[in-house]
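# Understanding the architecture of this molecule
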Amino acid sequence: MLECSLAVDIGASSGKMLVGYIKNGKLRLQEVHRFENRLIKRDKHFCWDLQSLFSEIVTGIHASRDQGFVPQSIGIDTWAVDFVLLGENDELLTDAVSYRDPRTDGMMEEVFQQISKERLYLETGIQFQKFNTIYQLYYLKKNHPEILDKAKSFLMIPDYLNYLLTGNKTNEYTNATSTQLVNAFTKKWDRELLDQLGINKEMFQEILPPKSTLGNLKPELSREFGFDMKVLLPATHDTGSAVVSVPESNDTIYISSGTWSLIGVENNFPICVTKALDYNFTNEGGIDYRFRFLKNIMGLWMIQEVKRNYHNRYTFADFAEMADQVDDFHSTVNVDDDRFLKPKNMIEEIQKYCRETNQTVPETSGEVAKCVFDSLSVSYQTAIDQIEEVYEKEFKKINVIGGGSQNEMLNQLIADTTQKEVIAGPFEATAIGNLASQLISLGEIENLNEARQIVKNSFEMKVFRSKNKTEGLK
Ligand SMILES: Nc1ncnc2c1ncn2[C@@H]1O[C@H](COP(=O)(O)OP(=O)(O)OP(=O)(O)O)[C@@H](O)[C@H]1O
Ligand SMILES: C[C@H](O)[C@H](O)[C@@H](O)C(=O)CO
Ligand SMILES: [Mg+2]
């Protein structure tokens, strides 16, 4: 049986569990379990099925043992902002309502009546997305105050899954920052903000940084698995873990490409200047108290929904190939328009947008796919221009990480559009960053710099340069 660490990476579209260990100076990975993550409807709200996700984690731990591995540690990362509330007896008071649920429509504007946008940004440095935790809690305060009054524990999604494994409660720092309720300078819950919004402060847990140890498995679980494990805290915000694994951090803009496209730069300080506010950039917390200065772009969610609209007749690779075959179609959409956050039918919403803006309406699957990918590359270019304006410098390279880095057509399109060198990979960046943090905690890797060197030496990266020196979109 091989000693290793176990990463649980649950994104908005899929969950995966990979074991990792160092051999001959390289990080070796093996996927032991993969499962679907999908929204379910509960009491008229779009929710995550946490019981199903936890049972998949248990299945994956059994699978790692059955495949000859004995994980000495486990770390969980998921998407951001979403949470559950527990009562006096640790009973669930809420469903895990998704950020894609429309319940927060209008809540951000109501919060601005009490706390200015400028003050919120100056203190937290977090981007304004209508589904941020602060606005979800404001919705509960306004519509279900009795729930907030009864709440004794606020746990974000990975915190809750960790609680089910260990019985211990904490809020991990990188994910806590996505709530827009953590002060960027004290790195603590902003109690003044909470008081001003009338949100009960006592339910928030102690904030622990990545590389912390939360505890061990509950005895009944270690008996079931036949072994115990340390439950460690990676950057439990999946994008935080993805950025840990960015091998090229100097002079490089990263695009963490999955359900969302998170485009940004790593910093040692928060950038809360007016220009960053105007461009709606965020300063999410990173490992070693670094900052992820980035922007959320709608991402491959759009092609995931297009795939679903075509009843999964095509693979993601098919869409890339079909888009590449289309030459004379140039319509694009503003991917960050709220209408694309959760439309009934993504294809129809894209067609409606093109009609409303007097552009050729995409009809074939290739034209729809090309419209999505072209629109994403335009939004990436805009974000890169804004980053370079805020930094007052030109970045030479773009490192595309995550599942989307397997879309070679999109990688080439990004190189053609931006005229920058695109380094694609690693595609399992989030799980790799999760494992790297665990291995640092265990003393098997010395620090973040060594971890990034190991990542660079362990995984294939492909380089894309512009084929046409002048134009971008063909
Ligand atoms: N072979 C492929 N060719 C082209 N695109 C691919 C391929 N495999 C995956 N993708 C793209 O990667 C995306 C999934 O990436 P990834 O697994 O990083 O996302 P996720 O982790 O499920 O979601 P999240 O971004 O919430 O973490 C898919 O939506 C798809 O567009
Ligand atoms: C809702 C969040 O902004 C989103 O989850 C993003 O931060 C992320 O985590 C993408 O995986
Ligand atoms: Mg992911």
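What you see as residue numbers is a count from 1 along each chain, following the sequence as written. Starting at A for chains and at 1 for ligands, labels are handed out in the order in which the entities are written. Under the rules for a predicted model, residues below a pLDDT of 70 receive no local features and side-chain atom pairs below 80 are neither given nor counted, while totals for whole chains, interfaces and linings still include all residues. By convention in this description, side-chain values take in all heavy atoms of the structure and omit both hydrogens and water.

Where an unreviewed UniProt entry is consulted, the chain appears under the name Rhamnulokinase, with the organism given as Lentibacillus amyloliquefaciens. UniProt positions are given in the numbering used here, feature names are shortened, and annotations may be inferred rather than shown by experiment. The Catalytic activity (unreviewed entry) comment attached to the chain in UniProt states, word for word, "L-rhamnulose + ATP = L-rhamnulose 1-phosphate + ADP + H(+)". UniProt, in the comment section headed Pathway (unreviewed entry), describes the chain in these words: "Carbohydrate degradation; L-rhamnose degradation; glycerone phosphate from L-rhamnose: step 2/3."

### Details of the domain arrangement of the chain
One can read the domain layout of the chain as domain 1 (2–232) and domain 2 (246–425 + 443–474). Taken together, the contacts link 33 residues of domain 1 with 34 residues of domain 2. Around 2800 Å² of area is buried between domain 1 and domain 2 when both sides are counted, 60% of it from carbon and sulfur atoms. By definition, the buried area sums, over both parts, the 1.4 Å-probe accessible area that each loses when the two are put together. When the area that domain 1 buries against domain 2 is broken down by residue, the three leading residues are Arg100, Tyr121 and Gln127, summing to 26%. A side-chain nitrogen of Lys or Arg and a carboxyl oxygen of Asp or Glu constitute a salt bridge if their distance falls within 4 Å. On the surface where domain 1 and domain 2 come into contact, there are one salt bridge. Here Lys211 and Asp288 are joined by a salt bridge, their closest N and O atoms 2.5 Å apart. Domain start and stop points were drawn from an automatic or database domain assignment. Whether two residues are in contact is decided by their heavy atoms: any pair within 4.5 Å suffices.

### Considering the site of ligand 2
Proximity criterion: a residue is near a molecule or strand once any of its heavy atoms comes within 4 Å of it. In the vicinity of ligand 2, the contacting residues are Trp79, Ala80, Val81, Tyr99, Gln129, Phe131, His237, Asp238, Thr239, Trp260, Leu262 and Asn296. Each accessible area is a Shrake-Rupley estimate made with a 1.4 Å probe; only the visible protein chains count as cover when residues are assessed. Relative to its unbound accessible area of 300 Å², ligand 2 is 94% covered by the protein chains.

### Points about the sheet that holds strand β14 (residues 261–267)
Here a strand pair is declared whenever DSSP counts at least two bridges between the two strands. Elements are defined by DSSP. Helices are runs of H or I of four residues or more, strands are runs of E of two residues or more, and each kind is numbered from the N terminus. Taken together, seven strands build an open sheet; the order of strands is β15-β16-β14-β13-β17-β18-β19 and the sheet is mixed. The sheet terminates laterally at β15 (282–285) and β19 (462–464), the two strands that pair on one side only. Across this sheet, the average inter-strand angle for adjacent strands is 30°, counted without regard to direction. Pairing of strand β17 (residues 397–401) with strand β18 (residues 421–424), which is carried by four bridges, proceeds in the parallel orientation. Across the sheet, the residue bridging to Asn399 is Ile423, located in β18. All axes are obtained by fitting lines to C-alpha atoms, using only the stretch in contact for helices, and the reported angles, taken between N-to-C directions, cover 0 to 180 degrees. Relative to the sheet, helix α15 (residues 365–391) contacts β13 (252–257), β14, β16 (291–297) and β17, its axis offset from that of β14 by approximately 20°.

### As for the pattern of salt bridges
Inspection of the entire model under this criterion finds 28 salt bridges. A salt bridge links Arg34 to Glu31, with the nearest nitrogen and oxygen atoms 3.0 Å apart. For Glu31, a relative accessible area of 35% gives the class partly exposed. When the shortest N-O distance is used, the salt bridge between Glu305 and Arg308 registers 2.6 Å. Placement of the pair is Glu305 and Arg308 together in helix α12 (residues 301–309), with a separation of three residues, close to one helical turn. The buried label applies to any residue whose accessible area, calculated with a 1.4 Å probe on protein chains only, is under 20% of its type's maximum; exposed applies above 50%, and partly exposed to all values in between.

### As for the UniProt feature "domain: Carbohydrate kinase FGGY N-terminal" (unreviewed entry) in the chain
According to UniProt, the "domain: Carbohydrate kinase FGGY N-terminal" (unreviewed entry) feature falls on residues 6–244. With 35% helix and 26% strand, residues 6–244 has its two end C-alpha atoms placed 16 Å apart.

### Some remarks on the sheet that holds strand β6 (residues 69–78)
Reading across the sheet, the six strands line up as β3-β2-β1-β6-β12-β11 and stay open at both edges, with mixed pairing between neighbours. Both edges of this open sheet fall to β3 (26–36) and β11 (213–216), since each of them pairs with a single strand only. When strand polarity is set aside, the average angle formed by the axes of neighbouring strands in this sheet is 25°. One ladder, built from six bridges, connects strand β1 (residues 2–10) with strand β2 (residues 14–23); its direction is antiparallel.

### Re the UniProt feature "binding site: substrate" (unreviewed entry) in the chain
What UniProt calls "binding site: substrate" (unreviewed entry) maps, in this numbering, to Ala80, His237, Asp238, Thr239 and Asn296. Judged by maximum C-alpha separation, these annotated positions cover 217 residues in sequence but sit close together in space, the widest gap being only 13.5 Å. As for its position among the elements, Thr239 is in helix α10 (residues 238–244). When residues no more than four places from it in sequence are discounted, the contact partners of Thr239 are Ser256, Leu262, Arg292 and Leu294. With respect to the helices and strands, the residue Asn296 is situated in strand β16. Not counting residues within four places of it along the chain, the set of residues in contact with Asn296 comprises Gln127, Gln129, Trp260, Ser261, Leu262 and Asp336. Here the side chain of Asn296 touches Gln127 through a polar contact of 3.1 Å, side chain to side chain. Polar contacts, as counted here, are pairs of nitrogen or oxygen atoms within 3.5 Å of one another; within protein the pair requires one atom able to donate a hydrogen and one able to accept it, and residues that are adjacent in sequence qualify only if both atoms are side-chain atoms.

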